[in-house]
Structures are given as structure tokens and as C-alpha cells.
Amino acid sequence: EGVFFTRDLVSEPANVLTTTEFATRLEALRGLGVEVEVLDEDRLAELGMGALLAVGQGSDSPSKVVVMKWMGGAQDAAPLALVGKGVVFDTGGISLKPAAGMEDMTMDMGGAGVVSGVMKALALRKAPANVVGLVGLVENMPSGNATRPGDIVKSMKGDTVEAINTDAEGRLVLCDVMRYAQE
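For every chain, the first residue of the written sequence is number 1, and numbering continues from 1 onward in sequence order. In view of the model being predicted, local features appear only for residues whose pLDDT reaches at least 70, and side-chain atom pairs are presented and counted only at 80 or more, with totals across whole chains, interfaces and linings using the full set of residues. For the side-chain quantities, the full set of heavy atoms in the structure was used; hydrogens and water were omitted.

**Thoughts on the overall build of the protein chain**
Turning to step 1, where the next piece is worked out: The way it works is that DSSP assigns letters per residue, a run of H or I at least four long becomes a helix, a run of E at least two long becomes a strand, and they are numbered from the N terminus. Helix and strand counts for the protein chain come out as six helices and six strands.
Turning to step 2, where the next piece is worked out: Throughout, radius of gyration means the C-alpha value; the globule benchmark is 2.2 Å times the number of residues raised to the power 0.38. Its C-alpha atoms give the protein chain a radius of gyration of 16 Å, within 12% of the compact-globule value 16 Å for 183 residues.
Turning to step 3, where the next piece is worked out: With respect to the principal axes defined by its C-alpha atoms, the protein chain has extents near 45 × 35 × 20 Å.
Turning to step 4, where the next piece is worked out: Any residue under 20% of the maximum accessible area for its type is buried, any over 50% is exposed, and the rest in between are partly exposed; the area is computed with a 1.4 Å probe on protein chains only. Scored against the burial criterion, the 183 residues of the protein chain give a buried share of 46%.
Turning to step 5, where the next piece is worked out: Here a residue-residue contact requires only that any non-hydrogen atoms of the pair lie within 4.5 Å. Partitioning the contacts of the protein chain with sequence separation of at least 6, the portion at a separation of at least 24 is 75%.
Turning to step 6, where the next piece is worked out: Considering the protein chain, the positive charge centre built from 16 side chains and the negative charge centre built from 25 side chains are found 5 Å apart. The charged-residue count follows a simple rule in which Lys and Arg add positive charge and Asp and Glu add negative charge, with His and chain termini not counted at all. By convention, the point assigned to a charge is CZ for Arg, NZ for Lys, CD for Glu and CG for Asp.

Put into C-alpha cells, the structure is as follows:
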């Protein structure tokens with residue numbers, strides 16, 4: 001069921017699987033005993049996740065981070081963290097991708113889909129493990145609000161990053177989500 005869940009997420013078109021819809025589907029894992037917390041844009045800004053927010057700022061679909069916890073292992077055992085990139089659609093932003101093949105950019109959320117499927121499988125199996133799954137959900141679109149090549153953004157860690165090519169968005173999403181996982 002976890003594999004099918006992942007396949008279904010990856011197969012959805014971008015007009016259906018928005019960042020909000022993705023988060024809603026993950027919230028449904030609560031029914032299986034998974035703790036789910038959705039961090040909205042205001043919370044992400046409070047946390048200083050400027051790198052992740054920069055990727056999604058050109059989209060009408062709000063950026064989110066979803067934190068899923070399955071704590072079925074020993075109470076004192078540290079959890080394993082799984083982090084997935086969830087770019088629900090990636091046009092490349094201002095550094096626009098070529099038109100040929102762009103329809104496949106709905107799959108740029110495959111990492112987040114895998115993490116989500118693992119969390120579902122753990123819960124369904126009542127796995128004796130402590131695992132935290134974190135996914136950064138964004139849409140990389142060109143608009144008047146989009147990050148421009150040459151813009152400087154600040155990550156949650158406090159590092160500054162110059163966005164030379166806005167199609168190199170994955171590392172910006174992952175650096176903030178990985179920092180959150182570490183903290």
C-alpha cells in the first residue's frame with residue numbers, strides 16, 4: 001500500500017496534486033497513527049527557511065513543510081530521519097526549462113512521494129522503529145514574484161545563497177528541510 005500511495009502521488013497531474021492537496025493527503029496518515037504537522041509559509045518564515053520559500057515564491061500554490069512521525073520503536077531510541085523534495089511542478093522558474101518534456105516535471109516530487117509511502121508502510125506494519133519523514137512542498141513557477149537569477153537568499157542555517165539558475169531549486173528546498181530535521 002505504501003508503494004501504491006507513492007505511485008499515485010507521482011502519477012497525479014500538477015493541477016490536482018498542489019502543495020495544499022499533497023499536505024492534505026499526508027494529514028490523512030493520522031488515521032494510521034502517524035503524527036503529522038504541516039508548517040505553513042508564515043511558520044517557515046519564522047523558522048528562517050528563506051531558501052525553500054524562495055523556490056515557491058513565484059507560485060500561487062503556498063509552500064509547506066510536512067513533518068510525519070512514526071514512533072513505534074524504543075522510547076529512548078533516536079529516530080531515523082527521511083527527507084524528500086516535493087516540487088509538485090518545476091518549470092525551472094525564471095530559468096525556464098525547454099518545453100519538450102516539461103509535462104514530466106510533475107515527478108519532481110518523487111522524493112517526497114517515496115518518504116510519504118515509507119511513512120504509510122511503517123504505520124500499516126506497526127513497525128518497531130522511530131522514523132521522522134519530512135517533505136518540502138513547493139511549486140517552482142515564473143511570475144513577477146519569482147526568485148530571479150542573481151538573487152541572494154538566506155537559509156535556515158544562516159548561510160546566504162546566490163541563485164544563479166532558478167532551475168537548481170532542489171538543493172534550496174532540501175537544505176532548509178534537512179536543517180529543520182537536524183534541529
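**A few points about unusual backbone geometry**
Turning to step 1, where the next piece is worked out: Look at Lys-126: it is not a glycine, yet its phi comes out positive at around 55°.
Turning to step 2, where the next piece is worked out: Within the secondary structure, Lys-126 sits in the loop between helix 5 (110-125) and strand 4 (130-140).
Turning to step 3, where the next piece is worked out: Look at Lys-126 and you get exposed, because its relative accessible area is 57%.

**Description of the packing of aromatic side chains**
Turning to step 1, where the next piece is worked out: Aromatic pairs are defined between Phe, Tyr and Trp rings, using the six-membered ring for Trp, whenever the two ring centres lie within 6.5 Å; interplanar angles under 30 degrees are classed as stacked, those over 60 as edge-to-face, and all others as tilted. Counting across every chain of the model gives zero aromatic pairs.
Turning to step 2, where the next piece is worked out: When the ring centre of Phe-5 is taken as reference, the NZ or CZ atom of Lys-120 above it lies at 4.8 Å. By the criterion adopted, a ring carries a charge over it if an Arg CZ or a Lys NZ lies within 6 Å of its centre and within 35 degrees of its normal.

**Concerning the environment of Ala-129**
Turning to step 1, where the next piece is worked out: The topology assignment puts Ala-129 in the loop between helix 5 and strand 4.
Turning to step 2, where the next piece is worked out: Under the relative-accessibility criterion, Ala-129 is labelled partly exposed at 24%.
Turning to step 3, where the next piece is worked out: For Ala-129 and Asn-145, which are 16 residues apart along the polypeptide, the C-alpha to C-alpha distance reads 42 Å.
Turning to step 4, where the next piece is worked out: Apart from the residues within four sequence positions on either side, Ala-129 is in contact with Trp-70, Met-71, Gly-72 and Gly-73.

**Some details on empty space enclosed by the protein**
Turning to step 1, where the next piece is worked out: Within this scheme a cavity is a closed region of a 1 Å grid, computed over the protein atoms alone, that accommodates a 1.4 Å probe without allowing it to escape, whereas a pocket is open but has protein on both sides within 12 Å along at least five of seven lines; lining residues each have an atom within 4 Å of a point. Grid points are joined across faces, edges and corners, and a volume is the space filled by probe spheres set on the points. Per the stated rule, a full pass over the model turns up one cavity of 30 Å³ or more.
Turning to step 2, where the next piece is worked out: Reported here for the largest cavity is a volume of approximately 80 Å³.
Turning to step 3, where the next piece is worked out: Lining the largest cavity we find 13 residues, and of these Ala-54, Val-55, Asn-140, Thr-147 and Thr-166 sit closest to its centre.
Turning to step 4, where the next piece is worked out: Gly falls in the polar group here, along with every residue not listed as nonpolar (Ala, Val, Leu, Ile, Met, Phe, Trp, Tyr, Cys, Pro) or charged (Asp, Glu, Lys, Arg). A breakdown of the residues in the lining of the largest cavity according to their chemical character gives seven nonpolar, five polar and one charged.

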